[in-house]
Amino acid sequence: MTFYSIVVCVAHVQIVAKMVPIICNREELTSIIDWFQEFYTLNEIDGKVKAIFKTGLSETLRIVELCLKFPFTAEYQAEVHFVLLLIYQSVCIFFNTFLVVIEDSLFATIGIHFMGLLNILCDLIRLLDDSSEDYSDLLRRIQRLHSDIINHNRIFNNLLFHVLLVQLCSSIFIIFMTFSAIRFNTVDVVSYFLGASGVIQLLLLCLFGELIFMRYKDVEQCLQLTNWYNFSIADQKNYIQIMRMAQKSYGLKAGGMYDISMSTFIEIMKMTISYCAIIFALIE
């Protein structure tokens, strides 16, 4: 019973950690959303650039709508003397689930829009090879969009500074606790369920962060494949500045220190296996 109480407390800590930045950083969050909105109302003259933005934003919206359509249901079975307790638990579970869905949907929508804008940036960079006109205007636009994405990504990381750290640490804690519980009671189905939930939760978080890192790497790769030697001297200087920005590592970081990526997930799972091996050796 103590083990499950600890798990419930950890789940509530995750919910509170996600609510605090939304409440305390409303202006920064609103500025990011308003910045996304500007691209949907953008009046573009260049036909190619307009087509890139239209296609990229449409794909982004399609992904957002797809991610927000997953239904969830719950069924409860209990004896008569547990009815009141189950009603209370059901209300808490419904309320907490509602908060988690709203908070995670907000953060996921912002992250998907960042990935969509990075895809648009890659398409704009590819236009440099197709254009037979002056590259200066397009390069300035690419540089401005790239800088805006990086600056708003930093704001987003500041919003998630404690959220990702709490999420990462609590997921690791739940995984360790459930693996320990499974070692002491190998027939406890709930422990297997909680362990799988902790691993899946961590996997989805790291996978989402990995996708963002990959989009930034795509930008760097597109810049490297550009025929920059055809640019004028002034355009080459702008190109070098863009290239320097693209070579830096951007993405989601937990506490500003740990990259949220698949390599982090692999390292955590290695640490978990080592922890389990030590627990098994001590018990035996």
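Predicted model, so just to flag it, every value in this text is computed and none were measured.

Help me understand the overall build of the chain in this model?
When you go through the chain residue by residue, the secondary structure sums to nine helices and two strands. In sequence order, the secondary structure elements of the chain are arranged as α-α-α-α-α-α-α-α-β-β-α. Within the chain, buried positions represent 40% of all 284 residues. When contacts within the chain are restricted to residue pairs at least 6 apart in sequence, long-range pairs at least 24 apart make up 83% of them.

Got a minute to help me understand the nonpolar core in this structure?
Within the largest apolar cluster, 62 residues are counted, with the highest numbers of intra-cluster contacts made by L124 and I149. At the level of secondary structure, the elements contributing two or more residues to this core comprise α2 (26-40), α3 (47-67), α4 (83-130), α5 (136-159), α6 (161-184), α7 (189-224), α8 (233-247) and α9 (262-283). Tallying contributions element by element places α4 first for this core, with 14 residues. Setting aside anything within four residues of it in sequence, one finds I149 in contact with W35, F114, L117, L118, L121 and Y216.

Which parts of the structure should I look at to understand the pattern of salt bridges?
Pairs can form between side chains of opposite charge whenever their charged atoms are close. Under the counting rule described, the total for this entry stands at five salt bridges. The partner of K270 in a salt bridge is E267, and the shortest N-O contact between them spans 4.0 Å. Linking K270 with E267, this pair stays in helix α9, spanning three residues, or about one helical turn. A residue is classified by how much of its surface remains accessible, and K270, at 48% relative accessible area, is partly exposed.

Mind showing me how you'd approach a nonpolar patch on the surface here?
On the surface, a cluster of nonpolar side chains totalling about 230 Å² of accessible area is made up of L207, L211 and M214. Structurally, the position occupied by L207 is in helix α7.

Can you help me understand the side chain of N153 in this one?
Following the sequence through the fold, N153 ends up in helix α5. A relative accessible area of 3% means that N153 is categorised as buried. Other than its neighbours up to four places away in sequence, N153 contacts F114, Y216 and G251.

Could you clarify how one ought to interpret the confidence of the model for the chain in this entry?
The predicted structure's coordinates, where accompanied by low pLDDT, should not be read in detail. Chain-level statistics for the chain give a pLDDT mean of 78 and a share of 82% at 70 or above. By mean pLDDT, helix α1 (residues 2-24) is the weakest element of the chain at 72, and α5 is the strongest at 88. Here residues 70-82 is modelled with pLDDT under 50, and outside its nearest four sequence neighbours on either side it reaches six contacts, counting other chains as well.

Hey, could you run me through the packing of α2 against α5 in this one?
When two helices pack together, you describe them by how their axes are tilted relative to each other and by the distance separating the axes. At their nearest, the axes of α2 and α5 sit 10 Å apart, and the two run at 150° to each other. Taken together, the axes of α2 and α5 are roughly antiparallel relative to one another. Crossing of α2 over α5 shows left-handed handedness. In this structure, α2 uses E28, L29, S31, I32, W35 and F39 to contact α5, whose residues at the interface are L145, D148, I149, H152, I155, F156 and L159. Its residues assigned to classes, the contact of α2 with α5 shows nine nonpolar, two polar and two charged.

Calculation rules
- Residues numbered from 1 in each chain as written.
- Predicted model: local features only at pLDDT ≥ 70, side-chain atom pairs only at ≥ 80, totals over all residues.
- Heavy atoms only, no water.
- Helix = DSSP H or I, 4+ residues; strand = E, 2+ residues; numbered from the N terminus.
- Buried < 20%, exposed > 50% of the residue type's maximum accessible area, 1.4 Å probe, protein only.
- Contact = heavy atoms within 4.5 Å.
- Core = buried A, V, L, I, M, F, W, Y, C linked by side-chain atoms within 4.5 Å.
- Salt bridge = Lys/Arg side-chain N within 4 Å of Asp/Glu carboxyl O.
- Patch = residues over 30% accessible without salt bridge, like charges linked within 9 Å, V, L, I, M, F, W, Y side chains within 5 Å.
- Areas by Shrake-Rupley, 256 points an atom, 1.4 Å probe, with all protein chains shown as cover.
- pLDDT = per-residue confidence, 0-100.
- Axes fitted to C-alpha atoms, helices over the stretch in contact; angles between N-to-C directions.
- Parallel < 35°, antiparallel > 145°, perpendicular 65-115°, else oblique.
- Left-handed = near helix turned anticlockwise from the far one by under 90°.
- Nonpolar A, V, L, I, M, F, W, Y, C, P; charged D, E, K, R; others polar.

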